[in-house]
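The primary structure of each chain is shown beneath.
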Amino acid sequence: MISIKNVSKIYSNGARALSNINLEISKSEFVFLVGPSGAGKSTLMKLLYREEEATRGQVFIDTINLSRLNAKQVPLLRRRTGVIFQDFKLLSTKTVFENIAFAQQVIGKSKQEIKENTLYILDIVGLSRKKDSFPSELSGGEQQRVCIARALVNQPQILLADEPTGNLDIENAWGIMALLEGINQKGTTVVMATHAMHIVNKMKKRVVKVEEGCIVDDNLGEAY
Amino acid sequence: MALNTVGFVIRQAFVSLKRNIWLTIASVLTVMTALVLLGFSVFFLANTSNLATVFESQVEIAVFINDNQNREQVIDLRNQIQVIEGVDTVELTTKEDAIVQFQQSMGTSSLLEDLGDINPFPDKLTVMATDVSLVEGIANQIADMNGIDKVRYGQGFLENLIQLTQWLRWLGIAVVGAFAFASFLLISLNIKSNVNSRESEIRIMRLVGASNAFIKWPFFIEGMLLGFIGGVLAIGIVGAAYVWFLQYMISAVAFLPIVADQMFIISVLGLMLIGGMTMGALASVFSVRRFLK
Ligand SMILES: Nc1ncnc2c1ncn2[C@@H]1O[C@H](COP(=O)(O)OP(=O)(O)OP(=O)(O)O)[C@@H](O)[C@H]1O
Ligand SMILES: [Mg+2]
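What counts as what
Residues numbered from 1 in each chain as written. Chains lettered and ligands numbered in written order. Predicted model: local features only at pLDDT ≥ 70, side-chain atom pairs only at ≥ 80, totals over all residues. Heavy atoms only, no water. Salt bridge = Lys/Arg side-chain N within 4 Å of Asp/Glu carboxyl O. Helix = DSSP H or I, 4+ residues; strand = E, 2+ residues; numbered from the N terminus. Buried < 20%, exposed > 50% of the residue type's maximum accessible area, 1.4 Å probe, protein only. Donors = N, O, S within 2.8 Å, 3.2 Å for Na, K, Ca; no water. Phe/Tyr/Trp six-rings, centres within 6.5 Å; stacked < 30°, edge-to-face > 60°. Core = buried A, V, L, I, M, F, W, Y, C linked by side-chain atoms within 4.5 Å. Domains from an automatic or database assignment. Contact = heavy atoms within 4.5 Å. Expected span 1.5 Å × (residues − 1). Arc of directions from axis to C-beta. Buried area = accessible area lost by both parts, 1.4 Å probe. Polar contact = N/O pair within 3.5 Å; in protein donor to acceptor, adjacent residues only side chain to side chain. Axes fitted to C-alpha atoms, helices over the stretch in contact; angles between N-to-C directions. Parallel < 35°, antiparallel > 145°, perpendicular 65-115°, else oblique. Pairing = 2+ DSSP bridges. Lys, Arg positive; Asp, Glu negative; His and termini not counted. Near = heavy atom within 4 Å. Areas by Shrake-Rupley, 256 points an atom, 1.4 Å probe, with all protein chains shown as cover. Nonpolar A, V, L, I, M, F, W, Y, C, P; charged D, E, K, R; others polar.

Enquirer: Go over the pattern of salt bridges, please, and point to the residues and values.
Expert: Taken as a whole and judged by the stated rule, the model has 15 salt bridges over all chains. Of the charged contacts, one joins K94 of chain A and E201 of chain B as a salt bridge, the two residues approaching to 4.0 Å between their closest N and O atoms. Of this pair, K94 of chain A sits in the loop between β6 (81-84) and α3 (96-105) while E201 of chain B sits in helix α8 (residues 199-207), on two different chains. When sorted by exposure, K94 of chain A lands in the same class as E201 of chain B, which is buried. In this structure, the salt-bridge partner of E181 of chain A is K205 of chain A, at a minimum N-O distance of 2.9 Å. With E181 of chain A in helix α6 (residues 170-185) and K205 of chain A in strand β9 (residues 205-211), the pair connects residues that are 24 residues apart, well separated along the chain.

Structure below.
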């Protein structure tokens with residue numbers, strides 16, 4: 001499903017974020033990306049929804065070569081992919097409800113459908129009471145859960161979760177992990193970058209370890 | 001694009017205009033100002049151009065005939081003049097007609113008697129030229145004929161006026177052009193700052209899969225909406241001002257011909273509205289171009 005071949009990423013300011021990465025992730029797999037801060041985890045994710053392009057090498061989703069996408073195809077790729085952003089990326093001028101509804105309006109769902117889906121997903125992430133609040137009126141953890149709800153609401157084929165539990169207490173974090181495990185069991189491929197080792201160690205999934213832009217370890221089960 | 005998406009986009013445009021209320025007010029006021037100036041320019045242009053044609057159409061030459069000419073000779077003169085190149089019509093007003101007209105306009109009936117049966121009016125031919133530029137030549141030719149007492153026409157005044165109206169016409173077009181350009185610039189500046197203030201919003205929209213068209217539409221609608229609101233206000237101002245101006249001119253300086261055709265006024269006002277909306281739409285397309293890589 002995801003295939004990364006000899007990929008290097010050097011940002012325009014010269015920062016080398018990834019060096020000759022090779023990674024295969026099959027459909028319905030659950031993969032943790034771990035490694036120290038600045039290792040290149042977020043950069044790897046950004047290549048997968050085409051926020052950034054590989055400087056060298058190729059990235060494939062199914063058979064689609066992401067460096068060959070034109071301006072019209074990029075939105076289509078992103079609609080198949082749910083992203084939980086490390087910095088949330090919520091629309092500050094829209095309410096919680098509108099933020100989640102928006103991701104569905106983009107793909108042309110009906111008003112009724114949008115309403116039902118949004119209320120349902122808000123209930124699941126435990127934010128029903130905050131649906132009319134603006135992001136600035138929410139705590140960090142609440143904003144994170146809005147971002148999670150938005151990423152999940154369209155039932156994406158691929159879920160890219162960048163530190164989805166970073167701002168959550170242990171209870172909420174396990175709630176979100178249950179959610180991710182659930183959609184993974186229903187067939188969504190999940191890639192999750194995290195520093196939360198207790199979660200990684202207990203989940204017993206594939207763990208890919210990145211250090212200074214290189215994959216240094218790739219095994220099943222525990223990170224350390 | 002699905003129908004409910006279109007509806008959503010339109011509602012969204014209203015919402016974002018409401019959220020940026022001060023920016024919206026500023027935009028509407030600039031659009032309105034530009035359109036008011038545009039509207040005034042059009043009416044100014046229409047009136048100068050109307051004035052020009054009214055004065056230009058005064059191609060009349062008055063020919064007064066010697067008293068010693070009898071009626072046959074007068075008719076003969078009229079026929080001669082009729083065939084001069086550039087002459088459109090020749091109309092004879094006999095001295096008898098003239099005194100009757102005068103009597104009527106003065107409201108007396110015994111004028112001829114009071115004058116001792118001497119008619120002070122000459123026979124008069126009213127010659128219309130087909131073009132102003134020919135008036136002088138025709139007048140000179142007629143003056144050289146036998147039996148002509150005097151020839152009168154607009155003379156130097158006419159040429160000056162033609163030059164003046166030409167000049168006024170160009171000035172009018174230049175004024176309209178300048179204000180149309182200024183309006184376009186102002187709207188696109190406003191939309192641009194709208195776009196800029198929402199740059200991060202646009203980036204996020206793209207990241208969750210919004211297409212370019214989806215991102216572009218609200219700005220397009222916003223631009224049109226700004227043009228529309230500004231247009232409606234401008235129509236109110238220009239319409240009221242022109243009606244007031246018409247009434248003032250009719251009562252104060254009745255002799256100046258002012259364009260008062262209702263259809264014309266309504267279509268100018270309508271065009272202002274359409275112009276505002278078109279400018280708004282074009283300006284927003286122009287401003288969001290750089291986001292559509
Ligand atoms: N937009 C950018 N422009 C320039 N350099 C960047 C950019 N984004 C990331 N980098 C650099 O690339 C390297 C990898 O960054 P990245 O965000 O992928 O790390 P990360 O593994 O996600 O770290 P963290 O765990 O702190 O989120 C870092 O050295 C960072 O400074
Ligand atoms: Mg990161």
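Once the structure has been displayed, the description carries forward.
Enquirer: Residue-level account of the coordination of the magnesium ion (ligand 2), with values.
Expert: Tetrahedral coordination by four donors puts the ideal angle at the metal at 109.5 degrees, and octahedral coordination by six puts it at 90 or 180 degrees. Of the protein atoms, only S42 of chain A (OG) and Q86 of chain A (OE1) coordinate the magnesium ion (ligand 2), at distances of 1.9 to 2.3 Å. In this pair, S42 of chain A is assigned in helix α1 (residues 41-48) and Q86 of chain A in the loop between β6 and α3, connecting sequence segments 44 residues apart.

Enquirer: Can you explain the packing of aromatic side chains? Please cite residues and give values.
Expert: Applying the stated criterion to the full structure yields eight aromatic pairs over all chains. Centre to centre, the rings of F102 of chain A and F214 of chain B are 5.8 Å apart; their planes meet at 65 degrees, and the pair counts as edge-to-face. Pair noted here: F102 of chain A is in helix α3 and F214 of chain B is in helix α9 (residues 212-252), and the two residues belong to different chains. Judged by centre distance (5.9 Å) and plane angle (35 degrees), the ring pair of Y242 of chain B and F245 of chain B falls under tilted. Taken together, the residues span about one helical turn, with Y242 of chain B and F245 of chain B both in helix α9 at a distance of three residues. With relative accessibility at 28%, the residue F245 of chain B sits in the partly exposed group. Here a set of aromatic residues connected by ring pairs shows up, and it is made of F43, Y242, F245 and F264 of chain B.

Enquirer: A description of the nonpolar core should follow, citing residues and the corresponding values.
Expert: Counting 68 residues, the largest nonpolar core has I2, I4, F32 and L180 of chain A as its most contacted members. Formed jointly, this core draws a minimum of three residues from each of two domains, domain 1 (1-80 + 156-224) and domain 2 (91-154) of chain A. Ignoring any residue separated from it by four or fewer positions in sequence, one finds L180 of chain A in contact with F30, I84, L159, A161, P164, V190 and M192 of chain A. Ranked by size, the runner-up nonpolar core spans 37 residues in total, among them V106 of chain A together with F43, I202 and V288 of chain B.

Enquirer: For unusual backbone geometry, give the residues involved together with the corresponding values.
Expert: The phi angle of most residues is negative, glycine excepted, and most peptide bonds adopt the trans form. Residues and elements named next belong to chain A. Residues other than glycine seldom take positive phi values, yet N20 does so here, at roughly 50 degrees. Topologically, N20 is positioned in strand β2 (residues 16-25). Residue classification places N20 among the partly exposed positions, given a relative accessible area of 48%. Positioned with a positive phi, E163 is a non-glycine residue whose angle comes to about 55 degrees. Within the secondary structure, E163 sits in the loop between β7 (158-162) and α6. With a relative accessible area of 10%, E163 lands in the buried category.

Enquirer: Summarise helix α4 (residues 95-106) of chain B; cite the residues concerned and give the values.
Expert: Residues spaced three or four apart along an α-helix point in a common direction, a consequence of the helix completing one turn every 3.6 residues. Residue and element names in this part refer to chain B. Under the 1.5 Å per step criterion, the end-to-end length of α4 is 16 Å for twelve residues, consistent within 8% with the ideal 16 Å. Looking only at α4, the buried set comprises K95, A98, I99 and Q103. The arc that holds the buried residues of α4, viewed along the axis, is 130 degrees, so those residues lie on one side. Within α4, the exposed residues directed more than 90 degrees away from the buried face are Q104 and S105. The positive-phi residue at the C-terminal boundary of α4 is G107, with phi of around 80 degrees.

Enquirer: Can you explain the interface of chain B and chain A? Please cite residues and give values.
Expert: The partner chain A presents 22 residues to the 19 residues of chain B that form the contact. Buried surface at the junction of chain B and chain A, summed over both partners, amounts to about 1800 Å²; 62% is from carbon and sulfur atoms. Our enumeration of links across chain B and chain A arrives at one salt bridge. Across the contact surface, chain B and chain A share three residue pairs in polar contact (both at pLDDT 80 or more). Residue contributions to the side of chain B that touches chain A peak at six residues, all from helix α1 (residues 3-19) of chain B.

Enquirer: Go over the packing of helix α5 (residues 140-152) of chain A against α6 of chain A, please, and point to the residues and values.
Expert: All names here are of chain A. The interhelical angle for the contact between α5 and α6, taken along N-to-C directions, is 5 degrees, at an axis separation of 12 Å. What the angle tells us is that α5 and α6 run roughly parallel. When α5 is examined against α6, the residues R145, I148 and L152 are found in contact with a partner set consisting of N172, I176, L179 and I183.

Enquirer: Can you explain the sheet that holds strand β4 (residues 56-61) of chain A? Please cite residues and give values.
Expert: Residues and elements named next belong to chain A. Strand order in the open sheet formed by four strands is β2-β1-β4-β5, with antiparallel pairing between adjacent strands. Every other strand in the sheet has two partners, leaving β2 and β5 (64-65) as the edge strands with one partner each. The sheet contact formed by strand β1 (residues 2-10) and β2 spans six bridges and is antiparallel. Residue pairing in the sheet places S3 in a bridge with E24 of β2.

Enquirer: Any details on the side chain of R145 of chain A? Residues and values, ideally.
Expert: All names here are of chain A. With respect to the helices and strands, R145 occurs in helix α5. Salt bridges are absent for the buried R145, whose nearest opposite-charge side chain, E142, sits at 4.6 Å. Contact partners of R145, with chain neighbours within four places excluded, come to V125, G126, L127, L168, N172 and I176.

Enquirer: Describe the environment of F134 of chain A, naming the residues involved and giving the relevant values.
Expert: All names here are of chain A. By the secondary structure assignment, F134 is in the loop between α4 (111-124) and α5. Classification of F134 as partly exposed rests on a relative accessible area of 24%. Sequence-wise, F134 and T93 are 41 residues apart; in three dimensions their C-alpha atoms are separated by 7.1 Å.

Enquirer: An account of the site of ligand 1 is requested, with residue identities and associated values reported.
Expert: Residues and elements named next belong to chain A. Neighbouring residues of ligand 1: 13 residues in total, closest S37, K41, S42, T43 and H195. K41 places a polar side-chain atom, nitrogen or oxygen, 2.7 Å from an oxygen atom of ligand 1. A distance of 2.8 Å is found between an oxygen atom of ligand 1 and a side-chain nitrogen or oxygen belonging to Q86. The protein chains hide 67% of the 630 Å² of surface that ligand 1 would expose on its own. Per-element accounting of the shell around ligand 1 gives the leading share, three residues, to α1. Residue composition of the shell around ligand 1, grouped by class: four nonpolar, eight polar and one charged.

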